[in-house]
Amino acid sequence: MTDFVYVTNRSDKALSFVYAYKNYDFPIGKSVQISAEAARHIFGHGDVNKEPYLARLGWIRLHSELEQGIERLSQFIISDESFVEENRSLPSAVGVVPLHVEKRAGGSTRQRVA
């Protein structure tokens, strides 16, 4: 096991947790480098029985809620490498202005070549 791991929050809620007097924040969609020891304490990384960790996170109170807690935990990806968002080879379309479309008298449209 390496000294550090990356935790990526793929859930719809940010998570904050204090371990060993240090605050760990896991923002939505971001990878955070933490010690393997912290990952084990917070998420049960490397431990088969996740129930005590889910209870510590406040995600379950009863054994019957274990399945929902495991599903929520599965949205936190723990790996040895930083997460690279999938399908991000194309630039984002945020802030891009669409091309102007000219209309002809006949009703057909033609895009203006930039």
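Residues numbered from 1 in each chain as written. Predicted model: local features only at pLDDT ≥ 70, side-chain atom pairs only at ≥ 80, totals over all residues. Heavy atoms only, no water.

1. A closer look at the side chain of N9
Just so we agree on the cut-off: Note on conventions: DSSP H or I runs of at least 4 residues are helices, E runs of at least 2 residues are strands, and numbering of each starts at the N terminus. Three labels apply to residues, based on accessible area from a 1.4 Å probe with only protein chains included: buried if under 20% of the type maximum, exposed if over 50%, partly exposed otherwise in between. Side-chain atoms alone can form a polar contact between residues adjacent in sequence; in general such a contact is a pair of N or O atoms within 3.5 Å, and within protein one must be able to donate a hydrogen while the other accepts it.
By the element assignment, N9 lies in strand β1 (residues 4-9). Judged by its relative accessible area of 0%, N9 falls in the buried class. In this structure the side chain of N9 is engaged in a polar contact, spanning 2.6 Å, whose partner is the side chain of S11. Of note is the side chain of N9, whose polar atom sits 2.9 Å from the backbone oxygen of F26.

2. What to know about the sheet that holds strand β5 (residues 76-79)
Stated precisely, the cut-off is as follows: One requirement defines pairing of two strands: DSSP has to find at least two bridges between them. In this analysis an axis means a line fitted to C-alpha atoms, helices contributing only their contacting stretch, and an angle means the value between N-to-C directions, from 0 to 180 degrees. Pairs of residues are marked as contacts when any of their non-hydrogen atoms sit within 4.5 Å.
Strand order across the open sheet formed by three strands is β4-β1-β5, with antiparallel pairing between neighbours. Here the strands that pair on one side only, and so sit at the sheet edges, are β4 (31-35) and β5. In this sheet, neighbouring strand axes are inclined to one another by 30 degrees on average, regardless of whether the strands run parallel or antiparallel. Relative to β5, β1 runs antiparallel, the two being bridged by four bridges. The residue of β5 that forms the bridge with V7 is I78. Relative to β4, helix α1 (residues 36-43) is tilted by about 105 degrees, and along the sheet it contacts β1, β4 and β5.

Remember that the coordinates give geometry; whether it matters functionally is a separate question.
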